[in-house]
Amino acid sequence: MALLQLSEPGQSAAPHQHRLAAGIDLGTTNSLVASVRSGTAETLPDEQGRHMLPSVVRYTEAGVVVGHAAKRAAADDPLNTISSIKRLMGRGVADLSLLGSRLPYQFLTGEHAVPRIHTRVGDVSPVEVSAEILRTLARRAEQTLGGDLEGVVITVPAYFDEAQRQATKDAATLAGLKVLRLLNEPTAAAVAYGLDTGSDGLHAIYDLGGGTFDISILRLNRGVFEVLSTGGDSALGGDDLDRAVARWIMEQAGIAEDADQGLQRRLMRDACAAKEALSEAESVALDVELGEGRRWRGELALETFESLIEPLVRKTLAPCRRALRDAGVRADEVRDVVMVGGSTRVPLVRRLVGEFFVTQPLVSIDPDRVVAVGAALQADILAGNKPDEEMLLLDVNPLSLGIETMGGLVEKIIPRNTTIPVARAQEFTTFKDGQSAMAIHVLQGERELVSDCRSLARFELRGFPAMVAGAARIRVTFSVDADGLLNVEALEETTGVKAGVEVKPSYGLTDGEIADMLKESAAHAQDDLEARRLREEQVEAQRVIESLRAALAADSDQLLSADEREGVEAELEKLIEIAAAGNHVAIRRAIEALEKHCEFYVERRMNASVRKAMSGHQLSEFE
Amino acid sequence: MAITLTEDAANRVRTFIENRGSGVGIRLGVKTSGCSGMAYVLEFADEVGEDDTVFEDRGVKMLIDAKSLVYLDGTEVDYGKEGLNEGFKFNNPNAQASCGCGESFTV
């Protein structure tokens, strides 16, 4: 009889209606497939019990070979054996020069926009090569789960752009798979640890793979992960740790730098084994075959090993620091650090990362499999195997969402076609000196002017202290949840004052209306551009006028003669007049003319304020 | 009669419940659907229902509603592998025939 799996209460499927789903970690070096069975997400092994599938595809006359067998043949048949294809996904021919030097394949350029690789059975594109890997993994999943897959979740790096994501989707379609969702790799790792069901906060995902290092800072906001920043080093990974150990063995054993390829490969293999052993032991015995019957025996102590790799591990902390800075957060604000990639098993890596983020890193899930496990959990939910309340909707927002800025312009915060749930934030500031409140006008649509978009909501952020224009930092966060509900929050960051509103953006809009709004936007693209330029210059003119008036009121009596003042005021009037008319080029010129005319005044003001700041002080205080 | 399970099946159930983090046991049952009449139900159980009979074997609680018990009495739950696939099996003495795939059965 058929083999049964445990379902959630009330979720037992009728016969032949199981919604089988899998998560796929499509990696540069290795790929994995995982699925949820009886409530547990696990990676699925092949017939030999191997979980990882090398992301290597070999084209032969007899057919396509994927995985271990292809990898073994790589040295003998390099032109027909393709590895690291992920680096080429979604790249154009023009991008090849950036990557090509490291790839040994014969590229065809010609009239194609997408690079094609010449093999003995014909030319293949990166999408086709990736599809072979996906097909192999999907077949394994179907054999293991005993049925066809309803859909898959495929993970991609957080830094993948639209083209790279689309190429990944195309590869899945070509492999006959339905993509339930593309999931960011760091998000998948966080999901595997159930961080998505925890309370809101910051998480870091530290991913030290074989050849690359990635760090991502995520913010969990109402159950949605927002990628705040990413960073890394595309030429630093576990292989570099092995190389450091191999170099040490060469020194100890007196092996020349130019040792033959075979010996070098053996050294790398022994070094890797030693590294792995030292995750649990205090020291490891080494026995290296030097060739011609000679051997070298020695011992590598944990302490020596750590001194060899410490500089490399420390090198990963610089991108971490940068990622934190880009995200605008401090290391101690990060609640959890998820470890991904085999090299994070090295105790020193865990220790240094733990010290850096001042927290114990999460390591309980196999770091090689954690991304696939997270993808499987997501796939299970999306395929509909969970009770309704945990159901996530896969959708996109049909029209851009944004807020009104000075001059009646719309600043888009979530562009149309963004998959939801999503959260995006942007910082705004005050326009006038002493401003202590800000009106937030939430809009929907593709047009540039507020008057042409749909108004969704208005609210005010009040009660932050009066500051000079531009000093307040107001972070406006848009989050659209799985049900399409928009939540807008404004937070003045220096004081913590906040306000918010919730709306359902697509409320009352039919598909036809949405289509009309899009059509209109295309039809008016040129007008909108002109209108935006004009408004932007008018806003800029207004800003210059305001600040000049403020300056004249403050100190023109002391700094300007009556004549000079008259001259400045005349230029100011000229700008006011031109700004009211509708020519953005003329306004720009008038602003420039006014600024030029006022240079002497600005200089005097500067000197005056420096004098004021320094008077009564000793010169030595400023040194 | 009673419902029993093999050591393999008991170990699996305990692991799955542990991974899930909650649950009093598993629910066994039948429902009328499928190409051959009846289909098995196998689910995690969070609470014991009013008309449930509870069998305990090898430390695993198995809940069965009164209607299903008629069809399942004497069943042994096993865990096995078929190629890459693995899962639970019902060795049900009441089943007279099952459809080709074995997901449903008749009594």
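Bear in mind the structure is a predicted one, so any value in this text is a computation, not a measurement.

A. Highlighting the overall build of chain B. If you tally the helices and strands in chain B, you get two helices and nine strands. Along its sequence from the N terminus, chain B presents helices and strands in the succession β-α-β-β-β-β-α-β-β-β-β. Evaluated residue by residue, chain B yields a buried proportion of 47% over its 107 residues. Taking the contacts inside chain B whose residues are at least 6 apart along the sequence as the reference set, 51% of them involve residues at least 24 apart.

B. Inspection of the overall build of chain A at higher detail. Counting its regular elements, chain A contains 16 helices and 28 strands. Counting all 623 residues of chain A, 48% fall into the buried class. Look at the contacts in chain A between residues 6 or more apart in sequence, and 64% of them connect residues 24 or more apart.

C. Up close: empty space enclosed by the protein. All names here are of chain A. According to the stated counting rule, one finds three cavities of 30 Å³ or more in the structure shown. Estimated volume of the largest cavity: approximately 100 Å³. When residues of the lining of the largest cavity are traced back to their parent elements, those giving at least two are helix H5 (185-192), strand E13 (201-208), strand E14 (213-221) and strand E15 (224-233). Per-class residue counts for the lining of the largest cavity are eight nonpolar, three polar and three charged.

D. Seen up close, the packing of helix H8 (residues 302-315) of chain A against helix H10 (residues 347-357) of chain A. All names here are of chain A. One way to put it is that H8 packs onto H10 with a least axis distance of 10 Å and a crossing angle of 45°. Here H10 runs oblique to H8, going by the angle between their axes. In the crossing of H8 with H10, the sense of the turn from one axis to the other is right-handed. Only Leu348, Val349, Arg351 and Leu352 of H10 make contact with H8, whose side of the interface consists of Glu306, Ile309, Glu310, Val313 and Arg314. Residues belonging to the contact of H8 with H10 are distributed by class as follows: five nonpolar, no polar and four charged.

E. Main features of helix H3 (residues 126-145) of chain A. Over its 20 residues, H3 of chain A runs 28 Å from end to end, which matches the ideal 28 Å to within 8%, given 1.5 Å per residue. Remark: Gly146 of chain A follows H3 of chain A within two positions and exhibits a positive phi of approximately 75°.

F. The pairing of strand E7 (residues 85-91) of chain B, seen in detail. All names here are of chain B. Most of E7 is tucked away: five of the seven residues are buried. With seven bridges connecting them, strand E6 (residues 76-82) and E7 associate as antiparallel partners. Opposite Gly80, over in E7, you have Gly87 as the bridge partner. With antiparallel pairing between neighbouring strands as the criterion, E6 and E7 make up a hairpin whose turn holds two residues, including Gly83 at a positive phi of roughly 65°.

G. Region of interest: a nonpolar patch on the surface. A cluster of nonpolar side chains, contributed by Val602, Met606, Val610 and Met614 of chain A, occupies part of the molecular surface with about 340 Å² of accessible area. Looking at the element boundaries, Met606 of chain A is found in helix H16 (residues 599-614).

H. Main features of the sheet that holds strand E20 (residues 401-405) of chain A. Residues and elements named next belong to chain A. Strands sit in the order E21-E20-E24-E25 across an open sheet of four strands; the sheet is antiparallel. At either margin of the open sheet sits one strand with a lone partner, and together these are strand E21 (409-414) and strand E25 (454-467). The average angle at which neighbouring strand axes cross in this sheet is 30°, direction not considered. The sheet contact formed by strand E24 (residues 435-444) and E25 spans nine bridges and is antiparallel. Bridged to Leu443 within E25 is Ser455.

I. Region of interest: the nonpolar core. Core analysis: the largest hydrophobic core is formed by 52 residues, its most contacted members being Tyr206, Leu300 and Phe357 of chain A. Listed in part, the 38 residues of the second largest apolar core include Ile24, Ile85, Val124 and Val129 of chain A.

J. Focus on the sheet that holds strand E18 (residues 334-340) of chain A. Residue and element names in this part refer to chain A. Pairing in this open sheet of four strands is mixed, and the strands run E15-E14-E13-E18 from one edge to the other. Each having just a single partner strand, E15 and E18 make up the two edges of the open sheet. The average undirected angle you get between the axes of adjacent strands in this sheet is 20°. Its contacts with the sheet put H5 on E13, E14, E15 and E18, and the angle it makes with E14 is roughly 60°.

K. Region of interest: the environment of Met250 of chain A. Residues and elements named next belong to chain A. In this structure, Met250 sits in helix H6 (residues 238-253). Here Met250 falls in the buried class, since its relative accessible area comes to 13%. Linking Met250 and Gln264, residues 14 residues apart in sequence, is a C-alpha distance of 9.4 Å. Contact partners of Met250, with chain neighbours within four places excluded, come to Ile255, Ala256, Glu257 and Leu267.

L. Main features of the packing of H6 of chain A against H8 of chain A. All names here are of chain A. Where H6 meets H8, the axes come as close as 9 Å, and the angle between the chain directions of the two elements is 130°. As summarised for this structure, H6 and H8 are arranged oblique, according to the angle between their axes. Crossing angle aside, the handedness with which H6 passes H8 is right-handed. Every residue of H8 that contacts H6 at Asp240, Leu241, Ala244, Val245 and Trp248 is listed here: Thr304, Phe305, Leu308, Ile309 and Leu312. Of the residues contributing to the contact of H6 with H8, the split by class is eight nonpolar, one polar and one charged.

M. Unusual backbone geometry, seen in detail. Residue and element names in this part refer to chain A. Non-glycine residue Ser38 carries a positive phi angle of around 50°. Position of Ser38 among the secondary structure elements: in the loop between strand E2 (30-37) and strand E3 (40-43). The phi dihedral of Ser84 falls on the positive side, at around 55°, and the residue is not glycine. For Ser84, the location among the structural elements is in the loop between strand E7 (81-83) and helix H2 (96-99).

N. Structural detail: the pattern of salt bridges. All names here are of chain A. Per the counting criterion, the structure on display carries 39 salt bridges over all chains. Close ionic contact of Arg37 with Glu42 constitutes a salt bridge, the shortest N to O distance being 4.0 Å. Residue Arg37 is classed as buried on the basis of its relative accessible area of 9%. Residue Arg543 is joined to Glu540 by a salt bridge in which the shortest nitrogen-to-oxygen separation is 3.0 Å. Separated by three residues within a single helix, Arg543 and Glu540 lie in helix H13 (residues 525-559), roughly one turn from each other. One salt-bridge network, held together by shared partners, links Arg58, Glu61, Asp77 and Arg120.

O. Representation of the environment of Ile545 of chain A within the structure. All names here are of chain A. Position of Ile545 among the secondary structure elements: in helix H13. Separated by 49 residues in the primary sequence, Ile545 and Leu594 place their C-alpha atoms 9.5 Å from one another. Setting aside anything within four residues of it in sequence, one finds Ile545 in contact with Leu572, Leu575 and Ile576.

P. The arrangement of H5 of chain A in detail. Residue and element names in this part refer to chain A. The element H5 is extensively covered by neighbouring structure, given that eight of its eight residues are classed as buried. Burial in H5 covers these residues: Glu185, Pro186, Thr187, Ala188, Ala189, Ala190, Val191 and Ala192. Gly194 sits one or two residues past H5 and shows a positive phi near 70°.

Calculation rules
- Residues numbered from 1 in each chain as written.
- Chains lettered and ligands numbered in written order.
- Predicted model: local features only at pLDDT ≥ 70, side-chain atom pairs only at ≥ 80, totals over all residues.
- Heavy atoms only, no water.
- Helix = DSSP H or I, 4+ residues; strand = E, 2+ residues; numbered from the N terminus.
- Buried < 20%, exposed > 50% of the residue type's maximum accessible area, 1.4 Å probe, protein only.
- Contact = heavy atoms within 4.5 Å.
- 1 Å grid on protein atoms, 1.4 Å probe; cavity = no way out; pocket = protein on both sides within 12 Å on 5 of 7 lines; lining within 4 Å.
- Points joined across faces, edges and corners; volume = space filled by probe spheres on them.
- Nonpolar A, V, L, I, M, F, W, Y, C, P; charged D, E, K, R; others polar.
- Axes fitted to C-alpha atoms, helices over the stretch in contact; angles between N-to-C directions.
- Parallel < 35°, antiparallel > 145°, perpendicular 65-115°, else oblique.
- Left-handed = near helix turned anticlockwise from the far one by under 90°.
- Expected span 1.5 Å × (residues − 1).
- Pairing = 2+ DSSP bridges.
- Patch = residues over 30% accessible without salt bridge, like charges linked within 9 Å, V, L, I, M, F, W, Y side chains within 5 Å.
- Areas by Shrake-Rupley, 256 points an atom, 1.4 Å probe, with all protein chains shown as cover.
- Salt bridge = Lys/Arg side-chain N within 4 Å of Asp/Glu carboxyl O.
- Core = buried A, V, L, I, M, F, W, Y, C linked by side-chain atoms within 4.5 Å.

In short, the description is geometric, and any link to function would need to be established separately.
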